[in-house]
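Tertiary structure, described
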Amino acid sequence: MNRRSRSAFVVTTISCCLSVASVAGAQLMPSVGEPQTYVFASFGGIDLKAYVFSPTADGAGEPRSAIVLFYGGGWAEGEPAWAFARARHFAEQGMVAVAAEYRLSDQKSISPIEAMADARAVIRWMRSQATSLRIDPRRIAAYGWSAGAHLAASAAIFEVAAAGVGSAPDALILVSPAVSLVSDQWFQRLLGARGNARDYSPDLYVREGLPPTLILQGSTDTVTPLPGVRRFCDRLVAAKNTCEMHVYEGFGHLFTPAGIPDDGQPKPDPATAADALARADRFLRSLGFQR
């Protein structure tokens, strides 16, 4: 992921696609109010917040499945609000959806290592607060795009448990994911002298027992190129995990049409983004996370 890809997602361009996928079922969807805000961790005076979207209609009050969303922005910019439209969509499908904050790299004291720790922390927090959040701690999916997909995958691959609570999600949905980082000069620049990019590259640490994964990827992506993403999926399958991958031919990073630069502000094709969202919903339904 190069320097220009830090502006890897603008919520106004992607969120407009959500309505395309949801209009047909609008009459059946539970209503969703404004998110509740929680502090899930604090580091050096920085409070990290989780914005929780819950369906208003709770039915009999059974625990719901949950999904945590990590926005993209090259590990260096962005905010949870970029994930609000997508979180609201999943809450409309009956899930508890959490738009998570994480520390952004400043090329000084904060690097992607801290962001990875934050991603693990919010999933552990969700499990520890399962009763109050009314979620099933065994049905927590993680959804991320670009750098956010790296954080989602890393929560599983580089799992760290605390007080007996694990950080690995129970399912992964990765959009244009940064999962092959050995040659990623921007990621290495953010790490500085604190490590080598290969030590944090998910494709090099695949093992058996990882959560079922859906990958949505463009064929002409110049930011998170297809070969590295495909290698990651192939290695998941070789290690006896489940990985479904759909490649959108003629589209680049975050579904930017081929021929349009995809390494700056994305210009997603609305129909393609809507199709990707529908595939995410079908994947979650197949796992019993949606009805």
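All figures in this text were calculated on a predicted structure; none of them were measured in a lab.

The next point concerns the pairing of strand β5 (residues 135-145). Here β5 lies mainly inside the structure; eight of its 11 residues are buried. Strand direction decides the pairing type here: strand β3 (residues 64-70) and β5, joined by six bridges, are parallel. Counterpart to Ala66 in the pairing with β5 is Ile140. Two strands pair when backbone bridges link them, and β5 and strand β6 (residues 171-175) are joined in this way by five bridges, in the parallel orientation. Residue pairing for β6: Ala142 is matched across the bridge by Leu172. Considered for its hand, the β-α-β crossover made up of β5, helix α6 (residues 147-157) and β6 is right-handed.

Overall, the prediction assigns the protein chain a mean pLDDT of 91, with 88% of residues at 70 or greater. For the stretch residues 2-28, pLDDT sits under 50, and the model shows 55 contacts to residues farther than four places along the chain or on other chains.

Time to look at the packing of aromatic side chains. Taken as a whole, this structure holds 11 aromatic pairs when the rule is applied. When the ring of Tyr248 is compared with that of Phe255, the centres are 5.3 Å apart and the planes differ by 70 degrees; the resulting orientation is edge-to-face. Like Phe255, Tyr248 is buried. Positioned over the ring face of Phe43 is Arg103, at 3.8 Å from the centre of the ring.

A surface patch of nonpolar side chains, about 230 Å² in accessible area, is lined by Val182, Leu204 and Tyr205. Looking at the element boundaries, Tyr205 is found in the loop between α7 (185-191) and β7 (213-218). Classification of Tyr205 by relative accessible area gives partly exposed; the value is 35%.

What follows is about the state of the cysteines. For the structure on display, the rule yields one disulfide. Each sulfur in the disulfide pair Cys233 and Cys243 lies 2.2 Å from the other. Taking the torsion about the S-S bond as the criterion, the Cys233 to Cys243 disulfide, at about -125 degrees, is left-handed. Taken together, the residues span a long stretch of sequence, with Cys233 in helix α8 (residues 226-238) and Cys243 in strand β8 (residues 243-248) at a distance of 10 residues. Overall, Cys243 belongs to the buried group, its relative accessible area being 13%.

The tally for this structure, following the rule as stated, stands at nine salt bridges. Residue Glu34 is joined to Arg88 by a salt bridge in which the shortest nitrogen-to-oxygen separation is 3.7 Å. With Glu34 in the loop between α2 (18-22) and β1 (36-43) and Arg88 in helix α3 (residues 84-92), the pair connects residues that are 54 residues apart, well separated along the chain. With its nearest N and O atoms 2.8 Å apart, the salt bridge here joins Arg279 to Asp275. Residue Arg279 and its partner Asp275 are both found in helix α9 (residues 270-286); the two are separated by four residues, about one turn of the helix. Via salt bridges that share partners, Asp136, Arg138 and Arg139 belong to a single interconnected network.

Thresholds applied
- Note on numbering: residues in each chain are counted from 1, in written sequence order.
- Only residues with pLDDT of 70 or above have their local features reported here, since the model is predicted, and side-chain atom pairs are shown and tallied only from 80 upward, although totals for entire chains, interfaces and linings are computed over all residues.
- Water and hydrogen atoms play no part in the side-chain values, which are based on all heavy atoms of the structure.
- A 1.4 Å probe rolled over the protein chains alone gives each residue an accessible area, and that area as a share of the maximum for its type sets the label: buried under 20%, exposed over 50%, partly exposed in between.
- Each helix is a run of DSSP H or I of at least 4 residues and each strand a run of E of at least 2, with the numbering of both proceeding from the N terminus.
- Strand pairing is assigned whenever DSSP detects at least two bridges linking the two strands.
- Look down the strands so they point away from you; if going from the first strand over the helix to the second traces a clockwise path, that crossover is right-handed.
- Every residue gets a pLDDT, meaning the predictor's confidence in that residue, from 0 to 100.
- Note on contacts: a residue pair qualifies if any of its non-hydrogen atoms lie within 4.5 Å across the two residues.
- Centres within 6.5 Å make a pair out of two Phe, Tyr or Trp rings, where for Trp the six-membered ring is used; the pair is then stacked when the planes are under 30 degrees apart, edge-to-face when over 60, and tilted otherwise.
- Should the NZ of a Lys or the CZ of an Arg lie within 6 Å of a ring centre and within 35 degrees of the ring normal, that charge is described as sitting over the ring.
- Here a patch means residues that are over 30% exposed by relative accessible area and free of salt bridges, tied together within 9 Å if like-charged and within 5 Å if nonpolar (Val, Leu, Ile, Met, Phe, Trp, Tyr).
- Calculation of accessible area relied on Shrake-Rupley with a 1.4 Å probe; when residues are assessed, cover is drawn exclusively from the protein chains displayed.
- Salt bridges, as used here, are contacts in which a Lys or Arg side-chain nitrogen is within 4 Å of a carboxyl oxygen on Asp or Glu.
- Here, a disulfide means two cysteine sulfur atoms that sit within 2.5 Å of each other.

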